[in-house]
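# Working through the structure, step by step
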Amino acid sequence: MSQQPLLKVDNLTRRFDVSKPWLNRMIEREPKQILTAVNQVSFEVEKGKSFALVGESGSGKSTIAKMVVNLLNPSSGHIYFDGQELSQAKGAAFKSLRRRVQMIFQDPFASLNPRWRVGDIIAEPIYAFGLESDKLKVQKTVERLLSTVGLTGRDRYKFPHEFSGGQRQRIAIARALSANPEFLVCDEPTSALDVSVQAQILNLMQDLQDEFNLTYLFISHDMSVVKHMADTIGVLYLGGLVEVNDSQQLFNQPVHPYTRMLLDAIPDHEMTGRRRTPVTGEIPNPINPPSGCPFHPRCQYANDRCKQEVPRSKAVMNSTVACFAAEEGRF
Amino acid sequence: MADTLLSVKDLVVEFPQRRGLLRALDQISFDIKRGEILGVVGESGAGKSLTGASIIGLLEPPGRVSGGTIELDGQRIDNLSTAEMRKIRGRKIGMVFQDPLTSLNPIFTIAEQLIETIQTHLKLSDKEARKQAIKLLDDVGIPAASQRIDDYPHQFSGGMRQRVVIALALAGEPELIIADEPTTALDVSVQAQIIDVLKNTCKEHGAAVMLVTHDMGVIAETCDRVAVMYAGRLAEIGPVREVIKHPKHPYTIGLMGSIPSLAHQVERLVQIPGSMPRLDAIPEGCAFNPRCNRVFDRCRTERPDLIAVEENLAACWLHAKEAGA
Ligand SMILES: Nc1ncnc2c1ncn2[C@@H]1O[C@H](COP(=O)(O)OP(=O)(O)OP(=O)(O)O)[C@@H](O)[C@H]1O
Ligand SMILES: Nc1ncnc2c1ncn2[C@@H]1O[C@H](COP(=O)(O)OP(=O)(O)OP(=O)(O)O)[C@@H](O)[C@H]1O
Ligand code: SF4
Ligand code: SF4
Ligand SMILES: [Mg+2]
Ligand SMILES: [Mg+2]
């Protein structure tokens, strides 16, 4: 554990200005509206491990993913990859960081250029990062990558529309791998797929992790997928991390009331007879979040302190949680 | 007989295309009993929505029912005129779709929409209809229904809107509700709430439900029986517990194993090789045969009918008496 984490996210915050146009604001006498999509999030991912972010729609998962792969700048906070701060890297160091961290998106239909042949799509990062320029060698690499993800070398002549959703996600994975990355950010990689296809992709991702010693930041709203894939899980609510723990531990002994509620909301597809406590309330408007602990309107343990003060992440009850009831032992 | 509400027999749906007919549903047969919740699962393109659309007479042309029968209350409804079918929709069969916004009109209040629907189907005065509307909203769990009823749809959250849609579906006091992916567009914590509302409210109102979803969890929590579709055909149907715990069709077995388990840690998920065939390339014999790990000669030439195996029906030759498999 003394080893330096491959990814370190420190106090990461991202705000969006979601105000109406200036003139409307003046006429309607409305103040500027700022949405805090990600709020002081910190976590670390060790090399070769999988860290999963879970949370419902709008909790900030994709915004964090985009900042980690440098598609979006943080409003404040820091991201370190292999000890180097992302925003400080310049020139060759920056290019190398971009190569080492790749991303797979949710929608395999949108993420591939429809006018390019699959072979060119996969070869592009190889040329872009200057990994190889010999055409024949690149072609060999593309063929090898295609077979790694369960397609065939001949598929490189085809266009994306000739493939099913699962096959397109395989192509997206092959493309990400062609950069020879160490870290893959996977934003809902199977949410658009049927469960039987999802199983194929999840198995493939596990095989690739073993083979290339990859490190994953895995994003999903599906608790059972996350349990299957992750070593460590971070639970997001309204942009903030409410609990981080080892996967097994989190499922066996969820501490934060929101984590408990999420686990309770999972339908019992195996019909084990697990009893569910009914889930209550809905996610509040992120532009106007509740005061204090953002979960307090839905929390059965909320008291006056929860309505006023914002809980900080602390190590309690074998977990890391941001909750006063946990701190005070009020459960 | 008397407790069979809906009976679908050998339903065939086809789309005329330039290169001949595309058969999208191929001899689908199942019943729904009064007050029962039947789940319909299967992967994208398996024909779940088409089955629902055929029953409520909302197949998009040029798609058409080209074979089989659909009976509701012992009366055929697959050959009714558009006008006759319109009377049945809402009154005898209610609908709930994936996106609540498609079922709600943004320029009318919840009250206006509910009262109109109620009065279309039931002879009630304005005052009675409003009272009934409030009761319905109350039943589907809208807090302070009598105050919220004059709000517009956009003033409600996604989960609340889907509750309103369920109330609308129940307004004509139908005997059957067809719900197509009613929770798919919602947040996970809200999904669980809507599942409960759908299940409990429909039971209270005595409405049977055909619940179309690709989510096995939703099926397990809601349904009495479940039908598994594959490539436009029925692969297996039976009591939900039997299908989930003791599936008989190799496709259902694969499907169940491919869902990550919460109960125990598995190293690798069960993987069905390949993918579902396109409708214009369905193999001879059993549609699942190129992917099946139990395939044998007969599967490649003869199409299996539904065969009774314990409490389930499975379209698989492994269960034929004379197969000796
Ligand atoms: N470019 C943007 N401008 C304004 N608001 C944004 C922008 N991007 C994201 N948001 C808001 O930030 C919040 C977090 O969004 P994000 O996409 O990160 O959520 P998510 O957890 O990925 O959700 P989902 O499960 O729906 O993908 C949401 O409230 C969203 O509306
Ligand atoms: N208008 C049409 N013309 C041709 N084929 C059609 C048409 N409408 C539907 N189909 C085909 O019928 C098949 C069944 O479609 P259906 O919508 O019932 O699938 P589904 O099981 O509901 O899938 P999903 O989970 O994606 O909603 C699909 O293969 C689809 O391509
Ligand atoms: S801080 Fe208070 S309101 Fe927030 S989760 Fe803990 S007990 Fe509930
Ligand atoms: S009929 Fe044959 S191919 Fe089809 S599911 Fe049964 S064993 Fe497999
Ligand atoms: Mg997202
Ligand atoms: Mg559908």
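Each remark here, short or long, concerns the structure printed above.
One structure accompanies this document, and this report is about it. Just so it is clear, the model here is predicted, and its values are computed rather than measured.

So, how was this worked out
- All chains use their own residue numbering, which begins from 1 and follows the written sequence.
- Chain labels run from A onward and ligand labels from 1 onward, assigned in the order the entries are written.
- With pLDDT at 70 or above as the cut-off, local features in this predicted model cover only qualifying residues; side-chain atom pairs require 80 or more to be listed or tallied, and sums for whole chains, interfaces and linings still use all residues.
- Water and hydrogen atoms play no part in the side-chain values, which are based on all heavy atoms of the structure.
- For Phe, Tyr and Trp, where Trp contributes only its six-membered ring, two rings pair if their centres lie within 6.5 Å, and the inter-plane angle classes them as stacked under 30 degrees, edge-to-face over 60, or tilted in between.
- Secondary structure elements follow DSSP: runs of H or I no shorter than four residues count as helices, runs of E no shorter than two count as strands, and numbering proceeds from the N terminus.
- Only protein chains enter the accessibility calculation, which uses a 1.4 Å probe; a residue is then buried when its area is under 20% of its type maximum, exposed when over 50%, and partly exposed in between.
- The rule for a charge over a ring is simple: NZ of Lys or CZ of Arg within 6 Å of the ring centre, and within 35 degrees of the ring normal.
- By convention in this text, a residue qualifies as near a molecule or strand provided that one of its non-hydrogen atoms is within 4 Å of it.
- Under this definition, polar contacts are N or O atom pairs within 3.5 Å; protein pairs additionally need one hydrogen-donor-capable and one acceptor-capable atom, and for neighbouring residues in sequence, both atoms have to be side-chain atoms.
- Surface exposure here means Shrake-Rupley accessible area, sampled with a 1.4 Å probe, where a residue is shielded only by the protein chains that are shown.
- Here the term patch refers to residues with relative accessible area over 30% and no salt bridge, with like charges joined within 9 Å and nonpolar side chains (Val, Leu, Ile, Met, Phe, Trp, Tyr) within 5 Å.
- Only one rule defines a salt bridge in this text: a Lys or Arg side-chain nitrogen within 4 Å of an Asp or Glu carboxyl oxygen.
- Residues count as neighbours in contact if any of their non-hydrogen atoms are within 4.5 Å of one another.

## What to know about the packing of aromatic side chains
Residues and elements named next belong to chain B. Tallied over the full model, the rule gives nine aromatic pairs over all chains. Ring geometry for Tyr230 against Phe288: centres 5.2 Å apart, planes inclined by 85 degrees, an arrangement best described as edge-to-face. Pair noted here: Tyr230 is in strand E9 (residues 225-230) and Phe288 is in the loop between helix H11 (250-257) and strand E11 (307-309), with a separation of 58 residues, a long-range link. Neither Tyr230 nor Phe288 differs from the other in exposure class; each is buried. One residue, Arg298, lies across the ring of Trp317, its end atom 3.6 Å from the ring centre.

## Focus on the site of ligand 2
All names here are of chain B. Residues in close proximity to ligand 2 total 13 residues, the closest being Ser44, Gly45, Lys48, Ser49 and Leu50. In this structure, an oxygen atom belonging to ligand 2 sits 2.8 Å away from a main-chain N or O atom of Gly45. One of the backbone N or O atoms of Ala46 is found 3.3 Å from an oxygen atom in ligand 2. Contact with the protein chains covers 65% of the free accessible surface of ligand 2, which is 640 Å². Residue assignment for the shell around ligand 2 shows that the elements contributing at least two residues are strand E1 (4-17), strand E2 (20-33) and helix H1 (48-55). Tallying contributions element by element places H1 first for the shell around ligand 2, with three residues.

## With respect to a nonpolar patch on the surface
Residue and element names in this part refer to chain A. The grouping of Trp22, Leu23, Met26 and Ile27 at the surface amounts to a nonpolar patch, some 490 Å² of accessible area in total. Note that Trp22 resides in helix H1 (residues 22-28). Relative accessible area serves as the criterion here: at 56%, Trp22 is assigned to the exposed category.

## Focus: the environment of Val240 of chain B
Along the chain, Val240 of chain B turns up in helix H10 (residues 240-245). With a relative accessible area of 6%, Val240 of chain B lands in the buried category. Excluding its chain neighbours within four sequence positions, the residues that come into contact with Val240 of chain B are Met271 of chain A together with Ile219, Ala220, Cys223, Asp224, Arg225 and Val226 of chain B.

## Concerning the pattern of salt bridges
Under the criterion given, the structure shown has 30 salt bridges over all chains. Linking Arg305 of chain A and Glu328 of chain A is a salt bridge whose minimum nitrogen-to-oxygen distance equals 2.5 Å. Linking Arg305 of chain A in helix H11 (residues 304-308) with Glu328 of chain A in helix H12 (residues 324-328), this pair joins segments that are 23 residues apart in sequence. Of the residues examined, Arg305 of chain A reaches a relative accessible area of 28% and is grouped as partly exposed. The shortest N-O distance in the salt bridge between Arg233 of chain B and Asp26 of chain B comes to 3.7 Å.

Taken by themselves, the reported measurements are silent on function.
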